[in-house]
Amino acid sequence: MTRPLRLLLLSAAVAASLAACNRDRDEPKAPAAASNPDALVTPAEAAAPPGYEAKTQYADVKLTLPDALKSHPDLHARLYAEEVRKLRQFAEGAQGELTEAGAPTDRPKYENTVTLTTAAETPKLLSLKRTAFDYSGGAHPNTLTSGILWDKALKRQIGLADLFRKGADMTALDQALCSALNTAKRARVPDGASITFESRPFACPRVAATPFVLTPGDASGKAAGLTFLIGPYQAGPYAEGGYEIAVPATVFRSLLATAYAGEFDGRSTRAGDVTPAPAV
């Protein structure tokens with residue numbers, strides 16, 4: 001082989017080698033496998049802010065989330081996304097209603113304020129109370145409360161049925177709630193009539209269909225009972241307001257599911273009507 005031919009072949013080999021290196025560098029790499037392929041949220045979602053607020057000429061909307069959610073980024077991201085989506089829909093709806101043909105031009109703007117607070121927390125459970133103030137142009141605003149119960153290990157929301165044994169008879173708990181509610185009603189309206197499960201137009205609610213939160217007590221890290229959230233119009237006229245009725249765990253302890261029985265202990269510092277006093 002002549003010397004020029006050897007140099008030509010060597011140059012071709014070097015060029016091929018460099019091309020291969022560049023090709024390896026330019027071709028996209030396959031993404032590394034996620035450390036947790038079952039993660040419920042992305043890092044961006046987990047960084048959801050602690051609140052949201054927006055004001056337009058048609059509506060004011062606001063969301064406030066508790067610090068406790070910082071330890072539960074999956075729940076934090078989920079609640080933030082759900083609540084902000086609903087608030088944006090509310091604001092869009094307000095614009096449509098307040099600008100529709102024939103609508104009075106001097107109507108006040110709408111308002112929707114959602115506040116989540118920590119009701120109680122145990123090793124397994126995080127209980128949040130959701131309070132929503134809504135003014136949509138009616139005779140008066142409405143304030144409704146509901147509860148969110150989060151199983152921290154399962155990373156999912158659970159309900160009343162999950163707390164109790166399958167097929168548990170809830171009659172005693174229904175009766176305890178109805179009795180405590182009538183006591184609270186008599187304190188507010190001494191000459192008012194008592195209600196029953198069959199009375200009309202207002203009746204005692206069944207616990208299975210009533211929002212609730214865990215009731216804190218004197219035992220650290222334990223729930224002392226359940227507080228049921230009864231909105232206006234459910235147990236009486238709007239002027240009577242809503243009720244928050246705490247029922248101690250002694251009423252239902254024997255009905256609890258094994259998985260959650262250990263989350264309840266101690267005594268509640270308050271029982272019966274624990275409705276917060278109206279803001280001054």
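Refer to the preceding data block for the structure.
Remember, it's a predicted structure, so these values are computed and weren't measured experimentally.

A. Spotlight on the state of the cysteines. One pass over the structure, following the stated rule, counts one disulfide. Sulfur-sulfur distance for the disulfide between Cys178 and Cys204 comes to 2.0 Å. Across the S-S bond linking Cys178 and Cys204, the dihedral sits near 65 degrees, which makes this disulfide right-handed. A residue pair is termed long-range when its members are at least 10 positions apart, and Cys178 in helix H5 (residues 171-188) and Cys204 in the loop between H5 and strand E7 (212-216) qualify at 26 residues. Cys204 gets classed as buried once you look at its relative accessible area, which sits at 6%.

B. The arrangement of the packing of aromatic side chains in detail. Tallied over the entire structure, the rule returns six aromatic pairs. Each ring, one from Tyr110 and one from Tyr135, has its centre 6.3 Å from the other, and the planes form 85 degrees; the classification is edge-to-face. On the criterion of sequence distance, the pair formed by Tyr110 in strand E3 (residues 110-121) and Tyr135 in strand E4 (residues 125-135) is long-range, its members being 25 residues apart. Judged by relative accessible area, which is 17%, Tyr135 ranks as buried. Geometrically, the ring pair formed by Phe212 and Phe228 is tilted, given 6.4 Å between the ring centres and 50 degrees between the ring planes. Within this pair, whereas Phe212 is found in strand E7, its partner Phe228 is found in strand E8 (residues 223-230), the two being separated by 16 residues in sequence. Like Phe212, the residue Phe228 is buried in the burial classification.

C. Seen up close, the environment of Thr143. Along the chain, Thr143 turns up in strand E5 (residues 142-151). On a C-alpha basis, the gap between Thr143 and Thr113 in space is 9.4 Å, while along the polypeptide they are 30 residues apart. Among all residues touching Thr143, those that are not within four sequence positions of it are Thr131, Ala132, Phe133 and Pro232.

D. The pattern of salt bridges, seen in detail. A full pass over the atoms with the stated rule returns 14 salt bridges. Among the salt bridges present, the one from Asp60 reaches Lys55, with a minimum N-O distance of 3.9 Å. The closest approach of N and O atoms between Lys109 and Asp60, which form a salt bridge, is 3.0 Å. With Lys109 in the loop between helix H3 (73-98) and E3 and Asp60 in strand E2 (residues 59-64), this pair connects stretches of sequence that are 49 residues apart. Classification of Lys109 by relative accessible area gives partly exposed; the value is 33%.

E. Just the sheet that holds strand E9 (residues 243-248), in detail. Ordered in space as E7-E8-E9-E10, the four strands form an open sheet in which the pairing is antiparallel. On the outer flanks of this sheet lie E7 and strand E10 (272-273), each paired with one strand and no other. Looking at chain direction, E7 and E8 are connected through five bridges and run antiparallel. Counted as the bridge partner of Leu214 is Leu226 from E8. In the packing of H5 onto the sheet, contacts are made with E8, E9 and E10, and the angle to E9 comes to roughly 135 degrees.

F. The layout of surface pockets, seen in detail. For the largest pocket, the calculated volume is near 560 Å³. Every residue lining the largest pocket is counted, 21 residues in all, and those nearest its centre are Thr143, Thr145, Gly242, Thr275 and Pro276. Of all the elements, E5 adds the most residues to the lining of the largest pocket, at four residues. By volume, the second largest pocket is sized at about 260 Å³. Forming the boundary of the second largest pocket are 16 residues, of which Ala119, Pro216, Thr227, Glu244 and Val274 lie nearest the centre. Mapped onto the lining of the second largest pocket, the elements with two or more residues apiece are E3, E7 and E9.

About the cut-offs
- Residues numbered from 1 in each chain as written.
- Predicted model: local features only at pLDDT ≥ 70, side-chain atom pairs only at ≥ 80, totals over all residues.
- Heavy atoms only, no water.
- Disulfide = S-S within 2.5 Å.
- Helix = DSSP H or I, 4+ residues; strand = E, 2+ residues; numbered from the N terminus.
- Buried < 20%, exposed > 50% of the residue type's maximum accessible area, 1.4 Å probe, protein only.
- Phe/Tyr/Trp six-rings, centres within 6.5 Å; stacked < 30°, edge-to-face > 60°.
- Contact = heavy atoms within 4.5 Å.
- Salt bridge = Lys/Arg side-chain N within 4 Å of Asp/Glu carboxyl O.
- Pairing = 2+ DSSP bridges.
- Axes fitted to C-alpha atoms, helices over the stretch in contact; angles between N-to-C directions.
- 1 Å grid on protein atoms, 1.4 Å probe; cavity = no way out; pocket = protein on both sides within 12 Å on 5 of 7 lines; lining within 4 Å.
- Points joined across faces, edges and corners; volume = space filled by probe spheres on them.

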